[in-house]
Amino acid sequence: MRRRYPTVESLRARARARVPRFAFAFVDGGANDEECAARNATALSSVELLPRYCIDTKDVSTEVELFGRTYAAPFGVAPMGSGGLIWPGAEEYLAAEAQARNVPYILATPANASIERIAKIAPDVFWFQLYRFPKDDHAITFDLVKRAGDAGAQVLVPTIDSAGKSKRPRDIRHGVKVPFKIGPKIFLQVARSPAWTLALRRHGLLRTENIVPYTEGRATTGSTAQTMQARASGSHTWDELARLRDRWKRAFVVKGVLHPEDAARLVKLGVDGMIVSNHGGRHFDGAPASIDMLPAIVAEVGARATVMIDSGFRSGLDVVRALALGAKAAFMGRPFLYGLGALGEGGARHVMDMMFDELRREFQHVGVRSVAEAATIPARHLRAWDLEAQKNT
Ligand SMILES: Cc1cc2nc3c(=O)[nH]c(=O)nc-3n(C[C@H](O)[C@H](O)[C@H](O)COP(=O)(O)O)c2cc1C
């Protein structure tokens, strides 16, 4: 496998050929013209790291401490809704692999597996991502928080960058709809993907499992997705975040931060950490690359909160770039789903193997032996945003 699929890009190409077109489009696509998604990649590859040599790097540790727990690597699985579309059972496979490898796994609110199920599969590494359900004074939101707490989620991760509904032209073109319906166009795509179809038959329905208790009547694939679509909306407001912070006694990490002043306000509100993110370019196409905002956010709050990042990370080298620029960890979304789409269940393990292997190699190349040392690597990042300087021009 290493020889046939040595990179995330090779897995992406294989997944594209193996899963129905609508499923690949849903995972791979971005908002509008997909410029933000492209910007993430360009920005990451433009960060240069200056290596130091003549250092004994035989013993490298990739361990990192996050919120009082030691994980095996400074990367993790980002939350992804409807992961089962690219490979039925995606959430279970990824959670099991994250638990086996001791890296964080963030379950998304609209995932195809429930909080309670994932807590059983990944009890030590399970974080829960939270969307906003404003109706009835946030009854569903608070019930999800209670369920995550009861199930033992280590970290609560409210996402704030989903203020509006996104427009993804590829989804529109390929017939991705909520609730999902198999019309003639989709039927043809499914018929051309026998391995995927078999996996779906083995797995059964792809419901938005966390929403099952909140549907009125029968909880079908359509009704759970529809309830999610109808009830979830907007960005958690400052007041709502304060209420959530009050209720949640364990680590509290806000995802989708781009502005350093929002980062500062979150610290005042009492968050433990944040994930600098533009949602992988899936929501707002005009957003800067998250890596381009990282230095300003680290300068603003890095001493007071754990700053992490995602969006566009595709290699161990990308993770080292983020560490050098002050992040404590980087999350990856699509790479894990490409792995599953390309290889089925074994894809989760393959992507983990690749990331651990690359991370160790890159540590050796730049001459560091730990995540703490990686934070000292000299990095040149000419595209980084500097809001102060921009104000004065
Ligand atoms: C298929 C898919 C579904 C996603 N669903 C969610 C979600 O439900 N909640 C959320 O906070 N982020 C969601 N995201 C965004 C990811 O958490 C993450 O920010 C993004 O994928 C990172 O970029 P990358 O895919 O380039 O690694 C989703 C991403 C993908 C690819």
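Coordinates for the structure precede this section.
Now for a look at the structure at hand. These figures come from a predicted structure and were not determined experimentally.

Things to note about the overall build of the protein chain
If you tally the helices and strands in the protein chain, you get 18 helices and 12 strands. Relative to the globule expectation of 21 Å for 393 residues, the C-alpha radius of gyration of the protein chain, 20 Å, shows essentially globular dimensions. Considering only C-alpha atoms, the protein chain reaches an extent of 60 × 50 × 45 Å along its principal axes. Within the protein chain, the fraction of its 393 residues that count as buried is 58%. In the protein chain, 74% of the contacts between residues at least 6 apart in sequence involve partners at least 24 apart. On the protein chain, roughly 17100 Å² of surface is accessible, and the fraction owed to carbon and sulfur atoms is 51%. Charged side chains of the protein chain number 54 positive and 42 negative; the gap between the two group centres comes to 6 Å.

Points about the nonpolar core
Counting 127 residues, the largest nonpolar core has F75, F128, M274 and I291 as the members making the most contacts within it. Examining the composition of this core, we find that nine residues originate from one element, helix 16 (residues 346-366), more than from any other.

Digging into helix 16
Along its 21 residues, helix 16 runs 31 Å from first to last C-alpha, staying within 8% of the 30 Å computed at 1.5 Å per residue. Just past helix 16, the residue G367 takes up positive phi, approximately 85 degrees.

Some details on the pairing of strand 8 (residues 251-257)
Counting buried positions over the seven residues of strand 8 gives seven, a clear majority of the element. Taken together, the two bridges between strand 7 (residues 155-158) and strand 8 define a ladder with parallel strand orientation. Within the sheet, the bridge partner assigned to L156 lies in strand 8 and is F252. Where strand 8 lies against strand 9 (residues 273-276), four bridges are found, and the strand directions are parallel. From the neighbouring strand, V253 faces strand 9, where its bridge partner is G273. Where the polypeptide runs from strand 8 across helix 12 (residues 260-269) and back to strand 9, its parallel neighbour, the crossover connection is right-handed.

What to know about the layout of surface pockets
Taken as a whole, the second largest pocket encloses approximately 260 Å³ of empty space. Lining the second largest pocket are 17 residues; nearest its centre among them are A37, A38, A41, R314 and Y338. Of all elements in the fold, only helix 1 (8-18), helix 3 (35-45) and helix 15 (334-343) reach the threshold of two or more residues within the lining of the second largest pocket. For the lining of the second largest pocket, the element with the highest residue contribution is helix 3, accounting for four residues. Considered class by class, the residues forming the lining of the second largest pocket number five nonpolar, five polar and seven charged.

What about the site of the ligand?
Close to the ligand lie 24 residues, the nearest being P79, T159, D310, G312 and G333. Residue G333 places a main-chain N or O atom 2.9 Å away from an oxygen atom belonging to the ligand. Contact with the protein chains covers 98% of the free accessible surface of the ligand, which is 600 Å². Counting residues per element, the ones that place at least two in the shell around the ligand are helix 2 (21-28) and helix 15.

Here's the deal with the packing of aromatic side chains
Across all of its chains, the model carries six aromatic pairs by this definition. An aromatic cluster of at least three residues, connected via ring pairs, comprises F67, Y71, W127 and F331. For R247, the ring lying beneath its charged end belongs to F142, and the centroid distance is 3.7 Å. R282 extends its terminal NZ or CZ atom over the ring of F26, reaching a point 5.2 Å from the ring centre.

A word on the pattern of salt bridges
This model, assessed by the stated rule, comprises 21 salt bridges. Here D318 and R321 are joined by a salt bridge, their closest N and O atoms 3.0 Å apart. Note that D318 and R321 are positioned in helix 14 (residues 316-324) at a spacing of three residues, about one turn of the helix. Here the two residues D318 and R321 agree in accessibility, since each one is buried. Salt bridges here are not isolated pairs; linked through shared partners, they connect E9, R12, D28, E34 and R170.

Structural notes on the environment of S61
Secondary-structure assignment places S61 in the loop between strand 1 (48-49) and strand 2 (64-66). C-alpha separation for the pair S61 and M228, spaced 167 residues apart in sequence, amounts to 41 Å. Residues in contact with S61, not counting those within four places in the same chain, are F363, R369, S370 and V371.

Re the packing of helix 12 against helix 13 (residues 290-301)
The N-to-C vectors of helix 12 and helix 13 enclose an angle of 35 degrees; their axes lie 9 Å apart at closest approach. Considering only the axes of helix 12 and helix 13, their crossing is right-handed. Here P260, A263, A264 and V267 of helix 12 lie close against helix 13, whose contacting residues are M293, A296, I297, E300 and V301. Residue composition of the contact of helix 12 with helix 13, by class: eight nonpolar, no polar and one charged.

Some remarks on the environment of P20
The residue P20 is located in the loop between helix 1 and helix 2 in this model. Filtering out sequence-adjacent residues up to four positions away, P20 remains in contact with Q189, V190, S193 and W196.

What to know about the pairing of strand 11 (residues 329-332)
Across the two faces of strand 11 the burial is the same, with A329 and F331 and A330 and M332 all buried. As judged from the three bridges shared by strand 4 (residues 75-77) and strand 11, these two strands associate in the parallel manner. Residue pairing in the sheet places F75 in a bridge with A330 of strand 11. Here strand 10 (residues 306-310) pairs with strand 11 via three bridges, running parallel. Following the sheet pairing, I309 is matched in strand 11 by A330. Taking the sense of rotation as the criterion, the β-α-β connection linking strand 10, helix 14 and strand 11 turns out right-handed.

About the cut-offs
Residues numbered from 1 in each chain as written. Predicted model: local features only at pLDDT ≥ 70, side-chain atom pairs only at ≥ 80, totals over all residues. Heavy atoms only, no water. Helix = DSSP H or I, 4+ residues; strand = E, 2+ residues; numbered from the N terminus. Rg over C-alpha atoms; globule rule 2.2 N^0.38 Å. Buried < 20%, exposed > 50% of the residue type's maximum accessible area, 1.4 Å probe, protein only. Contact = heavy atoms within 4.5 Å. Areas by Shrake-Rupley, 256 points an atom, 1.4 Å probe, with all protein chains shown as cover. Lys, Arg positive; Asp, Glu negative; His and termini not counted. Charge placed at Lys NZ, Arg CZ, Asp CG, Glu CD. Core = buried A, V, L, I, M, F, W, Y, C linked by side-chain atoms within 4.5 Å. Expected span 1.5 Å × (residues − 1). Pairing = 2+ DSSP bridges. Right-handed = clockwise from strand over helix to strand, strands pointing away. 1 Å grid on protein atoms, 1.4 Å probe; cavity = no way out; pocket = protein on both sides within 12 Å on 5 of 7 lines; lining within 4 Å. Points joined across faces, edges and corners; volume = space filled by probe spheres on them. Nonpolar A, V, L, I, M, F, W, Y, C, P; charged D, E, K, R; others polar. Near = heavy atom within 4 Å. Polar contact = N/O pair within 3.5 Å; in protein donor to acceptor, adjacent residues only side chain to side chain. Phe/Tyr/Trp six-rings, centres within 6.5 Å; stacked < 30°, edge-to-face > 60°. Lys NZ or Arg CZ within 6 Å of the ring centre and 35° of its normal. Salt bridge = Lys/Arg side-chain N within 4 Å of Asp/Glu carboxyl O. Axes fitted to C-alpha atoms, helices over the stretch in contact; angles between N-to-C directions. Left-handed = near helix turned anticlockwise from the far one by under 90°.

Shape descriptors only; they carry no functional weight alone.
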